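What follows is each chain in one-letter form.
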Amino acid sequence: MGIQSAMFSGISGLNANSQAMSVIGNNLANGNTLGFKASRTVFSDLLSSTINGSGGTSQVGRGVGVSSVDYIFSQGTFETTSSGTDVAIEGNGFFVLREEDSQSIYYSRAGSFNFDKTGNLVNPEGYVVQGKLFDPVDNNTLLPLDPTDVQVDNFGLIAANPTTELTFTTNLDSASAEIGAGLIDPADKGTFNYSASSQIFDSLGNPHLVTVYWRHVDAATNLWNMGYTVDGDNALPIAVLANPLQFNNVGDLPDADLDGKPDIIGEMINLPNWDNGAQQPQQMNINFNCTQYNSESVVIGQEQNGNGAGSLTDVAINGEGIVVATYSNGKSINIAQLILAKFQNAGKLELAGSNLFRATDGVGTIRVGTPGAELGNLFTNSLEQSNVDMGQEFVKMITTQRGFSANSKIITTVDEMLGELINLKR
């Protein structure tokens, strides 16, 4: 093996260390890039040459090469932001995005999202975030469909919904005076013990007021009657509900269905014909989840399922990755839940620029699902920062520079040796 082979070993060292310096420079350049994952250069020795000597067969190395450039997928720190559509992943998952006007799928750790003019949730480069849609009827259930674009369709008004269920959760004081059977006159407080009101809506979103009156009929049997008025119509006789409340000796309603819980007494009522062009007729279940304890009469809660028309006021992503649209009428609608992807071998992802990765055949099995312990937890109003350790990169820079210098010395030294060899002829 000639002396010139040492020069080529030095050249391989220069090339390898140059590549390593490029990787270090790229890491440092992306020290403030959202979701950036640092890389490292892995060297390997080149195939050795075999020489034969008096001591037997030996091998001499022929330099160094770059074996691979690996990604370091350690967790980056979180930055708190004021945007409700900024999301960070804690764990090994990646956001899934689709290139606009294409079916190409990309993956990213950068969760800086916003809505474009068509209502799509996109990253800064316009790639559409993917998620699973919620059932518009049962707004707490995901549709059993493949992931698709996350989009808020209605940036204007949402339609009103007429009230079909109204529930009063109330305690009626067991010490209330017994009034006995008879008519309930809203103008005469001696004909009822307690009253409470709740707002309901017609099909156009107009509000109406339902007022319920409770009358303690029989203290011995814990019997109460109820009547109601709509929009203050106090004309006698007011509507009296057919199903009274009869409590047991511990102040609860009976458990007729034997489910271990007191019954909720309900009745379907016909609401009056509206004179405003709203849908006619309108029926509504009025329900009573009541107790009769020795405590003052009080409405603990009211719940009705109608709403007036409303305009979009905010769209944000919660800690479960659910995109929630909030409207001025107080209604919140679950739009979609973001999905995450996890790779069997994330090291074989391919950089695509703009904080994006492509999947290659080498990544193995791709697990796609909603956020959780396996794929990663989400933090809202947060962004994951670059995981570049600048101190470590500067130390690598020094050692890489020393390696480059040492290999350049090999070349200059071999050049001097070759000069000496040529001078032997002189």
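First things first, this report covers the structure right here in the doc. (Residues numbered from 1 in each chain as written. Predicted model: local features only at pLDDT ≥ 70, side-chain atom pairs only at ≥ 80, totals over all residues. Heavy atoms only, no water.)

Secondary structure summary: the protein contains two helices and 31 strands in total. For the protein, whose C-alpha radius of gyration is 37 Å, the value lies well above the compact-globule estimate of 22 Å for 426 residues. The burial tally for the protein puts 40% of its 426 residues in the buried class. With the model as given, the accessible surface of the protein reaches about 22400 Å², and the carbon-plus-sulfur share is 50%. On the protein, the mean spot of the 20 positive side-chain charges and the mean spot of the 44 negative ones are 23 Å from each other. (Helix = DSSP H or I, 4+ residues; strand = E, 2+ residues; numbered from the N terminus. Rg over C-alpha atoms; globule rule 2.2 N^0.38 Å. Buried < 20%, exposed > 50% of the residue type's maximum accessible area, 1.4 Å probe, protein only. Areas by Shrake-Rupley, 256 points an atom, 1.4 Å probe, with all protein chains shown as cover. Lys, Arg positive; Asp, Glu negative; His and termini not counted. Charge placed at Lys NZ, Arg CZ, Asp CG, Glu CD.)

Helix packing for two helices is described by the angle between their axes and how far apart those axes are. At a minimum axis distance of 8 Å, the contact between helix 1 (residues 4–29) and helix 2 (residues 390–423) shows a crossing angle of 160°. In terms of axis orientation, helix 1 runs roughly antiparallel to helix 2. In terms of crossing hand, the pair formed by helix 1 and helix 2 is left-handed. A breakdown of the residues in the contact of helix 1 with helix 2 according to their chemical character gives 16 nonpolar, twelve polar and three charged. (Axes fitted to C-alpha atoms, helices over the stretch in contact; angles between N-to-C directions. Parallel < 35°, antiparallel > 145°, perpendicular 65-115°, else oblique. Left-handed = near helix turned anticlockwise from the far one by under 90°. Nonpolar A, V, L, I, M, F, W, Y, C, P; charged D, E, K, R; others polar.)

This next bit is on the side chain of D149. Here D149 shows up in strand 12 (residues 148–149). A polar side-chain atom of D149 sits 2.8 Å from a polar atom in the side chain of R98. Among the polar contacts made by the side chain of D149, one reaches the side chain of Q130 at a distance of 2.8 Å. (Polar contact = N/O pair within 3.5 Å; in protein donor to acceptor, adjacent residues only side chain to side chain.)

Moving on, we come to the packing of aromatic side chains. Scanning the entire structure with this criterion turns up 15 aromatic pairs. Residues F94 and F343 carry aromatic rings whose centres are separated by 5.4 Å and whose planes lie at 70° to one another, so their mutual orientation is edge-to-face. Placement of F94 in strand 7 (residues 94–98) and of F343 in strand 26 (residues 340–343) is noted, with a sequence separation of 249 residues between them. Comparing F94 with F343, the two get one shared label, buried. Within the aromatic cluster, the residues linked to one another by ring pairs are Y71, F73, F94, Y107, F343 and F357. If you follow R109 out to its NZ or CZ, it ends over the ring of F94, 5.9 Å from the centre. (Phe/Tyr/Trp six-rings, centres within 6.5 Å; stacked < 30°, edge-to-face > 60°. Lys NZ or Arg CZ within 6 Å of the ring centre and 35° of its normal.)

Moving on, we get to a nonpolar patch on the surface. On the surface, F43, V66 and V69 cluster together into a nonpolar patch covering about 220 Å² of accessible area. By the element assignment, V69 lies in strand 4 (residues 64–71). Of the residues examined, V69 reaches a relative accessible area of 39% and is grouped as partly exposed. (Patch = residues over 30% accessible without salt bridge, like charges linked within 9 Å, V, L, I, M, F, W, Y side chains within 5 Å. Salt bridge = Lys/Arg side-chain N within 4 Å of Asp/Glu carboxyl O.)

The omega torsion across Q280 and P281 is -15°, close enough to zero to call that bond cis. Here P281 shows up in the loop between strand 20 (265–270) and strand 21 (283–291). A positive phi angle is found at S354, which is not glycine, with a value near 55°. Residue placement: S354 occurs in the loop between strand 27 (350–353) and strand 28 (356–358).

Next up on the list: the pattern of salt bridges. Tallied over the entire structure, the rule returns six salt bridges. Between K37 and E384 there is a salt bridge; the shortest N-O distance is 2.7 Å. Of this pair, K37 sits in the loop between helix 1 and strand 1 (39–45) while E384 sits in strand 31 (residues 382–384), placing them 347 residues apart in sequence. For K37, a relative accessible area of 4% gives the class buried. Take E384: its relative accessible area is 1%, and that puts it in the buried class. A salt bridge links E350 to R358; its shortest N-O distance comes to 3.2 Å. For E350, a relative accessible area of 38% gives the class partly exposed. Taking the relative accessible area as the measure of exposure, R358 reaches 32% and is therefore partly exposed. Through salt bridges with shared partners, a single ionic network connects K37, R109 and E384.

Below, the discussion takes up the side chain of E267. Counting through the fold element by element, E267 comes out in strand 20. Comment: no salt bridge for buried E267; closest opposite-charge side chain is R215, at 16 Å. Here A242 takes part through its backbone nitrogen, which lies 2.8 Å from a polar atom of the side chain of E267. Here E267 is in contact with L241, A242, N243, M284, N285, I286 and N287, once residues within four sequence places are set aside. (Contact = heavy atoms within 4.5 Å.)

This part is about the pairing of strand 21. Two faces, one strand: in a regular strand the side chains alternate between the faces of the sheet. Counting buried positions along strand 21 gives seven out of nine residues, so the element sits mostly inside the fold. Relative to strand 21, strand 14 (residues 165–171) is paired through seven bridges, and the arrangement is parallel. When the bridges of strand 21 are listed, F168 appears paired with F288. Across six bridges, strand 20 lies against strand 21 in antiparallel orientation. Of the residues in strand 21, the one forming a bridge with I265 is F288. (Pairing = 2+ DSSP bridges.)

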